[in-house]
Amino acid sequence: MKTTTRSRRSLPSPLKVSFYLLAVTAFCIVNWVLLAAGEPVQHDAQSFESIVVKGMLEELPPVTIPEAKTPASEALNLNTASEVALGLETWMINYQTFTPVDADSGPALEDWMINTSSWSSY
């Protein structure tokens, strides 16, 4: 009867692993440098939406906004109130105009809601 010995594969030595990693790193760096030389880096990467909006804005005609002419006396007077004061009206003050909600009153019950004998069962 013959016996065969099987040798187990051992892990590569740390020196081999270092050599492999160094070779892959060198290849990637060379590849990255060559790709960057052929195509300049764009620092302002834009999304698809912003490119579409820019294209749409270029097609639109320019819009001019008319300037509001203010008299010189109003332009120099900074003390004028720019807010509109709100006043109270009579319906806001009169309490009797508001109808209070009665919490005890519920929905009105009808006979067909209470009488279960008239309900049909499916």
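Residues numbered from 1 in each chain as written. Predicted model: local features only at pLDDT ≥ 70, side-chain atom pairs only at ≥ 80, totals over all residues. Heavy atoms only, no water.

## Digging into the overall build of the chain
When helices and strands are tallied, the chain shows five helices and zero strands. For the chain, the N- to C-terminal ordering of α and β elements is α-α-α-α-α. Classification of the 122 residues of the chain by burial places 0% in the buried group. Element-wise, carbon and sulfur atoms account for 63% of the exposed surface of the chain, whose accessible area totals about 13600 Å². (Helix = DSSP H or I, 4+ residues; strand = E, 2+ residues; numbered from the N terminus. Buried < 20%, exposed > 50% of the residue type's maximum accessible area, 1.4 Å probe, protein only. Areas by Shrake-Rupley, 256 points an atom, 1.4 Å probe, with all protein chains shown as cover.)

## Looking at the confidence of the model for the chain
Taken residue by residue, the chain gives an average pLDDT of 76. The fraction at 70 or more is 70%. No element of the chain has a lower mean pLDDT than helix α3 (residues 72–76), which averages 56, and none a higher one than helix α1 (residues 14–38), which averages 91. (pLDDT = per-residue confidence, 0-100.)

## Describing a nonpolar patch on the surface
Taken together, the side chains of L109, W112, M113, I114 and W119 make up a nonpolar region of the molecular surface, amounting to roughly 600 Å² of accessible area. Assignment of secondary structure puts M113 in helix α5 (residues 111–114). (Patch = residues over 30% accessible without salt bridge, like charges linked within 9 Å, V, L, I, M, F, W, Y side chains within 5 Å. Salt bridge = Lys/Arg side-chain N within 4 Å of Asp/Glu carboxyl O.)

## Concerning α1
Taking 1.5 Å of rise per residue, the 25 residues of α1 would be expected to cover 36 Å, and the 37 Å separating its terminal C-alpha atoms lies within 8% of that figure. With zero of its 25 residues buried, α1 lies for the most part at the surface. (Expected span 1.5 Å × (residues − 1).)

## With respect to the packing of aromatic side chains
Under the definition given, this model contains one aromatic pair. Between F19 and Y20, the aromatic rings sit 6.4 Å apart at their centres with planes inclined by 50°, giving tilted as the arrangement. (Phe/Tyr/Trp six-rings, centres within 6.5 Å; stacked < 30°, edge-to-face > 60°.)

## A word on helix α2 (residues 48–59)
Between its terminal C-alpha atoms α2 stretches 17 Å, which fits the 16 Å expected from 12 residues at 1.5 Å a residue. For α2, the buried fraction is low: zero of the 12 residues fall into the buried class.

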